[in-house]
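If you want the building blocks of each chain, they are given just below.
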Amino acid sequence: MINFTRVFTALIGLLFIFSCKEKLIEPPKDLISQAEMMEILYDLALINGLRSTNAAVFDKYDIETMPYLYEKYGIDSLQFVKSDAYYASVPVIYQTMYATVKNRLENRIKEMDQLRKQKTDSVRFKNQRFRDSLRKKTSSITLTDSVPSSK
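Residues numbered from 1 in each chain as written. Predicted model: local features only at pLDDT ≥ 70, side-chain atom pairs only at ≥ 80, totals over all residues. Heavy atoms only, no water.

> Would you mind going over helix 4 (residues 65–73) with me for this structure?
At 3.6 residues per turn, the α-helix brings residues three or four places apart onto the same side. Among all positions of helix 4, only Thr-65, Leu-69, Tyr-70 and Tyr-73 are buried. Buried residues of helix 4, viewed axially, fall in a sector of 130°; they line one side. Buried residues belonging to helix 4 abut helix 2 (34–53) and helix 5 (77–88). Downstream of helix 4 by a residue or two, Gly-74 has a phi angle that is positive, lying close to 65°. (Buried < 20%, exposed > 50% of the residue type's maximum accessible area, 1.4 Å probe, protein only. Helix = DSSP H or I, 4+ residues; strand = E, 2+ residues; numbered from the N terminus. Arc of directions from axis to C-beta. Contact = heavy atoms within 4.5 Å.)

> I tried to follow the packing of helix 2 against helix 4 on my own but got confused; where do I start?
For any two helices packed against each other, one specifies the inter-axial angle together with the distance between the axes. Packing of helix 2 against helix 4 brings their axes to within 11 Å, and their N-to-C directions diverge by 145°. Our pair here, helix 2 against helix 4, has a crossing hand that is right-handed. On helix 4, the residues that touch Glu-36, Glu-39, Ile-40, Asp-43, Leu-44, Ile-47, Asn-48 and Arg-51 of helix 2 are Thr-65, Met-66, Tyr-68, Leu-69, Lys-72 and Tyr-73. Residues that form the contact of helix 2 with helix 4 fall into these classes: seven nonpolar, two polar and five charged. (Axes fitted to C-alpha atoms, helices over the stretch in contact; angles between N-to-C directions. Left-handed = near helix turned anticlockwise from the far one by under 90°. Nonpolar A, V, L, I, M, F, W, Y, C, P; charged D, E, K, R; others polar.)

> Is there a simple way to think about the nonpolar core in this case?
Buried together is how nonpolar side chains tend to be arranged in soluble globular proteins. Ranked by size, the top nonpolar core spans 24 residues in total, and within it Met-37, Ile-40 and Ile-75 carry the most contacts. Secondary structure elements with two or more residues in this core: helix 2, helix 4, helix 5 and helix 6 (91–140). Not counting the four nearest positions on each side in its chain, Met-37 is found in contact with Ile-32, Phe-80, Ser-83, Asp-84, Tyr-87 and Met-97. (Core = buried A, V, L, I, M, F, W, Y, C linked by side-chain atoms within 4.5 Å.)

> For this particular structure, what's the right way to read the packing of aromatic side chains?
Here a ring pair, both rings aromatic, is described through the centre-centre distance and the interplanar angle of the planes. What the rule picks out here adds up to three aromatic pairs. For the pair Tyr-70 and Phe-80, a centre-to-centre distance of 6.4 Å together with 55° between the ring planes defines the contact as tilted. With Tyr-70 in helix 4 and Phe-80 in helix 5, this pair connects stretches of sequence that are ten residues apart. Between the NZ or CZ atom of Arg-104 and the centre of the ring of Tyr-42, over which it lies, the distance is 3.7 Å. (Phe/Tyr/Trp six-rings, centres within 6.5 Å; stacked < 30°, edge-to-face > 60°. Lys NZ or Arg CZ within 6 Å of the ring centre and 35° of its normal.)

> Where do I start with a nonpolar patch on the surface in this structure?
Nonpolar side chains collect at one region of the surface, where Val-57, Tyr-61 and Ile-63 lie side by side and expose about 280 Å² of accessible area between them. Inspection of the secondary structure assignment puts Val-57 in helix 3 (residues 55–60). On the basis of relative accessibility, which here comes to 41%, the residue Val-57 falls in the partly exposed class. (Patch = residues over 30% accessible without salt bridge, like charges linked within 9 Å, V, L, I, M, F, W, Y side chains within 5 Å. Areas by Shrake-Rupley, 256 points an atom, 1.4 Å probe, with all protein chains shown as cover. Salt bridge = Lys/Arg side-chain N within 4 Å of Asp/Glu carboxyl O.)

> I keep staring at the environment of Ser-33 and nothing clicks. Help me out?
Structurally, Ser-33 can be placed in the loop between helix 1 (4–19) and helix 2. Separated by 54 residues in the primary sequence, Ser-33 and Tyr-87 place their C-alpha atoms 9.9 Å from one another. Looking at Ser-33, its side chain comes within polar contact range of the main-chain nitrogen of Glu-36, at 3.1 Å. (Polar contact = N/O pair within 3.5 Å; in protein donor to acceptor, adjacent residues only side chain to side chain.)

> What am I meant to see in the pattern of salt bridges here?
Any two side chains of opposite charge can pair if their charged atoms end up close together. Counted according to the given criterion, the structure contains five salt bridges. Among the ionic pairs, Arg-104 bridges to Glu-39, the shortest N-O distance being 2.8 Å. Pair noted here: Arg-104 is in helix 6 and Glu-39 is in helix 2, with a separation of 65 residues, a long-range link. The class for Arg-104 is partly exposed, based on a relative accessible area of 34%.

Quick look at the structure:
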């Protein structure tokens, strides 16, 4: 699982580095909107998490993270880098973006945990019903001696 604390500590460090600049970076002409940038960052975090747990699948199918995201969002690497650098030069916006992405990821984790629990509970309930039905069947069977009594 991704260690979100480490990721965000590193990102906050980057924020401080970029916040020390005297002049802000001018927004690029093809700036990716904040909303779309947050979608990209969210997808990037998900894919990196999947890659860390299923690297063999990514290698087997030769899946590359960034080219996939560029294609999905109709952007190129330069547009992404320039947009990311611009947002990083405005720490308040950048921090807000990453906090939003972090909250979304944490909510997704909670949803997945809840679904996993529901599935486990459902299987447990079905197994219990099956055991109960077997008990009823076996308790209704009367055992008789197979050897006739000698009278």
